[in-house]
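Here are the chains, one letter per residue:
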Amino acid sequence: MRVRDLTEGGIAEPGILLRELEPVVERLLSRHLEHATDWFPHQYVPWERGRNFDGPLGGEPWEESQSQLSVPVRSALLVGLLTEDNLPSYHHAVAQELGQDGAWGAWLNRWTAEEDRHATAMRAYVHASRCMDPLVLERSRMAQVGRGFTPHHQDDLLANAAYLMVQELGTRVTHRNTGRHSGDPVCDQLLSRIAVDENLHMLFYRDLFAAALERRPDQAMCALAKAITSFRMPGAEMAGFRRLTVQVAVAGIYDQQVHHRDVLLPLLRHLRVWRLPGLSASGEIAREYISQYVQKLGEAGARFDERRSRLRGKPGDPSPALPVP
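Given the structure is predicted, the values throughout are model-derived calculations rather than measurements.

*Asks:* Mind showing me how you'd approach the packing of helix α7 (residues 185–215) against helix α8 (residues 217–229) here?
*Replies:* Helix-helix packing: each pair is described by the crossing angle between the helix axes and the interaxial distance. Put simply, α7 and α8 touch, their axes get as near as 5 Å, and they point 135° apart. The angle between α7 and α8 falls in the class oblique. For the pair α7 and α8, the contacting residues are F209, A212, L213, E214 and R215 in the first and P217, A220, M221 and L224 in the second. For the contact of α7 with α8, the class distribution of residues is seven nonpolar, no polar and two charged.

*Asks:* What is the right way to look at the nonpolar core in this model?
*Replies:* Here is a general trend for soluble globular proteins: nonpolar side chains tend to be buried in one another's company. Within the largest apolar cluster, 87 residues are counted, with the highest numbers of intra-cluster contacts made by M165, F209, M221 and L224. Looking at this core element by element, the count peaks at twelve residues for α7. Setting aside anything within four residues of it in sequence, one finds M221 in contact with L213, V273, L276, L279, G283, A286, R287 and I290.

*Asks:* Could you clarify how one ought to interpret the pattern of salt bridges in this entry?
*Replies:* Side-chain pairs of opposite charge can arise whenever the charged atoms involved come near each other. Scanning the model with the defined rule gives 17 salt bridges in all. Note that D197 and R117 form a salt bridge whose closest N and O atoms lie 3.8 Å from each other. Of the two residues, D197 sits in helix α7 while R117 sits in helix α4 (residues 102–129), which places them 80 residues apart along the sequence. The same class applies to D197 as to R117, namely buried. Residue D156 is joined to K226 by a salt bridge in which the shortest nitrogen-to-oxygen separation is 2.4 Å. Of this pair, D156 sits in the loop between α5 (134–147) and α6 (157–182) while K226 sits in helix α8, and the two are 70 residues apart along the sequence. Just as D156 is buried, K226 falls in that class too. By sharing partners, the salt bridges in this structure join R31, R206 and D207 into a single network.

*Asks:* Got a minute to help me understand the packing of α6 against α7 in this structure?
*Replies:* Look at α6 against α7: their axes get within 8 Å of each other, and the N-to-C directions meet at 160°. Classified by the angle between their axes, α6 and α7 sit roughly antiparallel to one another. For α6 against α7, the interelement crossing comes out left-handed. Looking at the contact of α6 with α7 residue by residue, the class counts come to 14 nonpolar, eight polar and seven charged.

*Asks:* Honestly, the side chain of E84 in this entry has me stumped. Any pointers?
*Replies:* Here E84 is to be found in helix α2 (residues 71–85). Ignoring anything within four residues of it in the chain, the contact list for E84 reads E115, H118, A119, M122, H175 and E198.

*Asks:* Whenever I open this one, the packing of aromatic side chains confuses me. Can you help?
*Replies:* Note on aromatic pairs: each is described by the distance of the centres and the angle between the planes. Taken as a whole, this structure holds five aromatic pairs when the rule is applied. For the pair W107 and Y205, a centre-to-centre distance of 5.8 Å together with 80° between the ring planes defines the contact as edge-to-face. Of this pair, W107 sits in helix α4 while Y205 sits in helix α7, and the two are 98 residues apart along the sequence. Here W107 matches Y205 in class, with each residue buried. Plain terms: the ring middles of Y163 and F231 are 5.1 Å apart, the flat faces sit at 35° to each other, and that makes the pair tilted.

Definitions and cut-offs
Residues numbered from 1 in each chain as written. Predicted model: local features only at pLDDT ≥ 70, side-chain atom pairs only at ≥ 80, totals over all residues. Heavy atoms only, no water. Axes fitted to C-alpha atoms, helices over the stretch in contact; angles between N-to-C directions. Helix = DSSP H or I, 4+ residues; strand = E, 2+ residues; numbered from the N terminus. Parallel < 35°, antiparallel > 145°, perpendicular 65-115°, else oblique. Contact = heavy atoms within 4.5 Å. Nonpolar A, V, L, I, M, F, W, Y, C, P; charged D, E, K, R; others polar. Core = buried A, V, L, I, M, F, W, Y, C linked by side-chain atoms within 4.5 Å. Buried < 20%, exposed > 50% of the residue type's maximum accessible area, 1.4 Å probe, protein only. Salt bridge = Lys/Arg side-chain N within 4 Å of Asp/Glu carboxyl O. Left-handed = near helix turned anticlockwise from the far one by under 90°. Phe/Tyr/Trp six-rings, centres within 6.5 Å; stacked < 30°, edge-to-face > 60°.

This is the structure:
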C-alpha cells in the first residue's frame, strides 16, 4: 500500500471540515493578532550601502566582488526570496480551497499581507547590499511567478494544513540559519525578524492541525503521513533548485538532518503522534508510515553529515560527491 492510498472510510467533505474547524480558525486568528507586532521593512534595509545600478540611471554594473555573502548564503536567499515572490499563486490556490469569507478568509488575507512584507524586505536588502546579481534575480522571479503554483495535495484540506505546518517551520529554520551563516549582522537581524513571523504562522497551522487530529484522528493521521512523506518546499519547481539546495545543504544551512531534528521531530512530539489513542487500522498504518519515514530520514541525515565532515577541508567543491538531501 502507498501512503497516498491511505484513506479513512468516513472522510468528511471539505465543506463540512471547513465549517467544523472555523471556530478554531477564529480563535487562532485572534491569538495571532494579539501576538503579532508591526514592523517596517524600510527600517531593516542598509540603505547607506546602496547606489545606482547600470541602466537608465547610468550607475555601476553588478560584479561578483561586490557581494559580502558566501555562495551558499546567496543560494539560500535566492530560494527564499523566489518562494516568497510566488505569493499571488499561493493566495489564489488557498482561496480556491478555503474561500475568502469568514475567519478562513480573514486569516488568508492577514497571512498574505505578512508574507508579502517578507519579499519586500528581502528584495530591498539584496539590492541595497548588492549581494546578488539583480538581473539573475529578476529573470528568476519572472520565470518562477510565471510557472504559478499547484497545491501539493489538491482537494485534501487536512493534508494541506499538515503541509503548511511543516513548510512554515522549515522556512523559519531556513531563514534563521541563513542569517547566522551570513556573517552580516544586518542580514541576520532582518531574517531573524522574518523568522518570528514564520514561527507565528507555523503555530497557527500546527494548532489548527492539532484540533483536526483531536476531532478526526484517523483522517488527520493519514493526511499527516501523506504530507510528511511527500514533502517538498513550494519553490521546488524553480530553475536550478537542485543545485541551489545542494549548496545550502553542504553549508549546513538546511539539510536532511536539520529537517529531521529541527522540524519534523518537534512537530510530531507536540502533536503527540506516537501517543495518540483511539486510532483505527488506517490511522495505525499511517502512524507506522510516519515512524518508518522519520527513522530513515534521520539515518540518511546522519550519513550526509558524516560524509560532509570527511570532505570538509579537502580541495574542490564537495557538493557533487554528496547525495542531494
